[in-house]
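One letter stands for each residue in the lines below.
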Amino acid sequence: MTSKYNKIRHLELLRRFLDFKKQDKNIYDLYLENRDEYLELSRYQRMLHDCFFWRHKKEFVLSIENYINDSIDFEQFEINFSKLWWKSMNENKGVERDLELVKNFEYDPKSDGFGSFMTCIFRQFEVLEDEECTEQEVKDYVRDTLQEIQPYL
Amino acid sequence: MKFSKSILIFLFFLSILGAFSYAFYRTDGNVYKSIQFTLYFLAIKIGLIGPNVSLKLDYHQPNQQLVSRVGYNPYVSILDKDRPSGLLMDSIERSSLVPQYSYSQDAINQLRAGDSRVREAAWLLITIWMLQQQSVGFQPVRQAPPPPHRQLFGGTSSSPRNNYFSKSSQPGTSLQVQKPSNMPQQNFSGLTPQQKRDLPDARDGFIREKGHPHLGVGYNQVKFKTPDHGSAHRLPVNEKGRTPKTEKNALILRDSILNMPNRKNIIWFDNGMYQGGTIRGYDSVNLYDPDTEVIAVFKKRSNGQYSRFATTCKLTDMERDFFLSSGGNFVTEPNLKDPKVLHIIKNLTNTEKNNDF
């Protein structure tokens, strides 16, 4: 993913999409009618997404470290982490379709990809829930992720 | 007289034996509980414990039949409140819907008068009837018949209530998957947790939409997914961030999934996939709501039966991009970030390459 964020272009795309929605159309219609524009808008949305996760990076990392260091068990980790994940998602949701909020939004290039790393951990919970991996495998995955995000911190 | 006495004694022991074997069967071989049940049964028979039924013999309506309405009732709704949990038997009660086949006034009078032989005979009849119904204090699990087209369990009215389920259920019941009454314990024990969740349940729902594959929303699978996926369907979460795994919440989630085809902009991916191209992958029917980014995945079955609900969740932007580009392959973000896996997935689903996963 590119880390270049162009707010003017983002606002332009968002404005067009909001007009599109006024015609009783949705994101899937945009995908069908103008795939390139859809993907470009989606890319900016992901950047927003990363930023909102980035705002909670200390909490995310603390939760991960506590789990890796056995300060908390898996269940507590899943609870803490899931709450943070949903919190970040919901904050993002309020902004991504609001022109004024996007206008005032400050993009932090350091956040690029951070949200995706956190989502990957969150998704492991379902793999475990479906009994397709073990708690130890989740822990190993979380440990690897912590190493991968070190350059971000 | 001797002959009739012998019959009564024989029936007495038969009913005791029957009570024990019934309890043994219904408790999955729990001897202790079976003995308890038998003793309780015996205590009622010899009059140590007054049966509740006597209270129901209201002299104002002497000709009505004692009927235990057995709870196999697929018309279950979250809309009705305060129904005794778990037991689908509505308790023994009077019903005027059974016009004939009733006790005579005489017999009832004799029961009141305490005629032991008549009482014994009455209890034997009740016992035999109960054994036939297999409904005393246990919940029979039977498969609900498929409903008519899109009428979730048979509603015929246009009102939302009737188009869902007309009987209620209540939170707080056992959350274990129950063994179907006609399945041997050994077979049940040999099932994997997923296979147990796939067993039919009276609370299962179905989606039959013209022009699309038929879908089944298994109650046990929905219940299993409720804690972590209820919030995607706007169910409340507790202090742990999870939706409490109650029957009520599971039914709300089930109804939300059943209602997805009615959402304004819902999109069907009849030939979709779940994690297609990965070791966890399989063919599925996927319902996608672009307004909420929520999808529901229904695993296809090779035998041509209806596709079965597997999971539901809210897509991230990356997942949505791939999902749409691939024509309905729901691959989660960890796999999309793995270059090796992504390469295989893209080849499998012919995803166009000018996107930036």
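What counts as what
Residues numbered from 1 in each chain as written. Chains lettered and ligands numbered in written order. Predicted model: local features only at pLDDT ≥ 70, side-chain atom pairs only at ≥ 80, totals over all residues. Heavy atoms only, no water. Helix = DSSP H or I, 4+ residues; strand = E, 2+ residues; numbered from the N terminus. Buried < 20%, exposed > 50% of the residue type's maximum accessible area, 1.4 Å probe, protein only. Polar contact = N/O pair within 3.5 Å; in protein donor to acceptor, adjacent residues only side chain to side chain. Salt bridge = Lys/Arg side-chain N within 4 Å of Asp/Glu carboxyl O. Phe/Tyr/Trp six-rings, centres within 6.5 Å; stacked < 30°, edge-to-face > 60°. Lys NZ or Arg CZ within 6 Å of the ring centre and 35° of its normal.

Let's talk about the side chain of Thr-316 of chain B
Residues and elements named next belong to chain B.
- Mapped onto the secondary structure, Thr-316 falls in the loop between strand E10 (307–314) and helix H11 (317–325).
- Taking relative accessible area as the criterion, Thr-316 reaches 2% and is therefore assigned buried.
- A distance of 2.5 Å separates polar atoms of two side chains, one belonging to Thr-316 and the other to Glu-333.

Here's the deal with the pattern of salt bridges
- Scanning the entire structure with this criterion turns up 30 salt bridges over all chains.
- Measuring nitrogen to oxygen at the nearest pair gives 2.8 Å for the salt bridge that ties Arg-16 of chain A to Glu-37 of chain A. Here Glu-37 of chain A lies in helix H3 (residues 35–54) and Arg-16 of chain A lies in helix H1 (residues 7–22), a separation of 21 residues in the sequence.
- Classification of Arg-16 of chain A as partly exposed rests on a relative accessible area of 36%.
- Sharing partners across several salt bridges, the network here consists of Glu-126, Glu-129, Asp-130 and Glu-132 of chain A together with Lys-225 and Arg-280 of chain B.

Some words on the packing of aromatic side chains
- In this structure the tally under the stated criterion is 29 aromatic pairs over all chains.
- Ring geometry for Phe-77 of chain A and Phe-125 of chain A: centres 5.9 Å apart, planes at 80°, overall edge-to-face. With a gap of 48 residues between them, Phe-77 of chain A in helix H5 (residues 74–96) and Phe-125 of chain A in helix H7 (residues 114–129) connect regions that are remote in the sequence. Residues Phe-77 of chain A and Phe-125 of chain A agree in their burial class; the two are buried.
- Measuring from ring centre to ring centre gives 4.8 Å for Phe-269 of chain B and Phe-323 of chain B, while their planes differ by 65°; the resulting arrangement is edge-to-face. Remark: Phe-323 of chain B occurs in helix H11 and Phe-269 of chain B occurs in strand E7 (residues 267–274); sequence separation between them is 54 residues. Phe-323 of chain B shares its class with Phe-269 of chain B; the two are buried.
- Taken together, the ring pairs in this structure connect Phe-53, Trp-54, Phe-60, Tyr-67, Phe-74, Phe-77, Phe-81, Trp-85, Trp-86, Phe-114, Phe-122 and Phe-125 of chain A into an aromatic cluster.
- When the ring centre of Tyr-306 of chain B is taken as reference, the NZ or CZ atom of Arg-301 of chain B above it lies at 4.7 Å.

Without other data, these values stay purely geometric and don't point to any function.
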